Amino acid sequence: MKTIGIIGASSNVGSALVKKFYSKEIQIKLFQNKNSLNNFKDKAIIYNNLSFFFEDNDELISVIPIWIFRDLLIKNKSKIKFKKLLLLSSTSASTKINSEDIWEKNYAKKFLIAEEEIKKLCLELNITYTILRPSMIWGN
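Residues numbered from 1 in each chain as written. Predicted model: local features only at pLDDT ≥ 70, side-chain atom pairs only at ≥ 80, totals over all residues. Heavy atoms only, no water.

Q: How do you make sense of the packing of aromatic side chains when you look at a structure like this?
A: Here the distance between the centres and the angle between the planes together describe a pair of aromatic rings. Using the criterion set out here, one finds 9 aromatic pairs in the structure. Between the aromatic rings of Tyr47 and Phe53, the centroid separation amounts to 5.6 Å while the plane-to-plane angle is 70°, which identifies the pairing as edge-to-face. Summarising the burial analysis for this pair, Tyr47 and Phe53 share the class buried. An angle of 85° between the planes, with centres 6.3 Å apart, marks the rings of Phe54 and Phe69 as edge-to-face. In this pair, Phe54 is assigned in helix α2 (residues 50-55) and Phe69 in helix α3 (residues 66-75), connecting sequence segments 15 residues apart. Taking the relative accessible area as the measure of exposure, Phe69 reaches 0% and is therefore buried. (Phe/Tyr/Trp six-rings, centres within 6.5 Å; stacked < 30°, edge-to-face > 60°. Buried < 20%, exposed > 50% of the residue type's maximum accessible area, 1.4 Å probe, protein only. Helix = DSSP H or I, 4+ residues; strand = E, 2+ residues; numbered from the N terminus.)

So, in structure tokens, the structure goes:
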């Protein structure tokens, strides 16, 4: 059976992913930072230890802020066993980089720097990755 790990499942996007995958022939594994995933106990395996979560998945989806995910990857680099990664960034990375507003420009740089660092790590660890840059996501 195919397994997919999702980090950020308590968000609207993450919750929609769990519901989407639940009806398929997929074993879902979730990382829980707080006790926010209790409603998924019958649908997924829930991890409280990020190292074990990174070790125990072949494929991973991240819907948490990309710079937070980058930090988690770097901190747990030696535990990473997954070989496929799908993560969300934002169109702000490309649309705000040339803004005259310094806050917007710095916000874009935050996305771009995190994307580049994740790309480098994925290449180093031989991880196939896809970075999506959706525009605003509202609700489910």
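Having seen it, we continue.
Q: What should I look at first to understand the pattern of salt bridges in this one?
A: Summed over the entire model, instances satisfying the criterion amount to 7 salt bridges. In this structure, Glu59 and Lys2 form a salt bridge, with 3.7 Å as the shortest nitrogen-oxygen distance. Residue Glu59 is found in strand β4 (residues 59-62), and its partner Lys2 is found in strand β1 (residues 2-7); the two are separated by 57 residues along the sequence. Judged by relative accessible area, which is 19%, Glu59 ranks as buried. Between Asp56 and Lys29 there is a salt bridge, with its nearest N and O atoms 3.2 Å apart. Of this pair, Asp56 sits in the loop between α2 and β4 while Lys29 is found in strand β2 (residues 26-31), placing the two residues 27 residues apart along the sequence. A relative accessible area of 36% means that Asp56 is categorised as partly exposed. Taken together, the shared-partner salt bridges in this structure form one network comprising Arg70, Asp71 and Glu117. (Salt bridge = Lys/Arg side-chain N within 4 Å of Asp/Glu carboxyl O.)

Q: Looking at this structure, I do not really get the layout of surface pockets. What am I missing?
A: Its volume calculated, the second largest pocket comes out at about 220 Å³. In this structure, the second largest pocket is lined by 14 residues; those nearest its centre are Gly8, Ser10, Phe31, Asn33 and Ile64. Looking at the lining of the second largest pocket, its residues break down into 7 nonpolar, 6 polar and 1 charged. (1 Å grid on protein atoms, 1.4 Å probe; cavity = no way out; pocket = protein on both sides within 12 Å on 5 of 7 lines; lining within 4 Å. Points joined across faces, edges and corners; volume = space filled by probe spheres on them. Nonpolar A, V, L, I, M, F, W, Y, C, P; charged D, E, K, R; others polar.)

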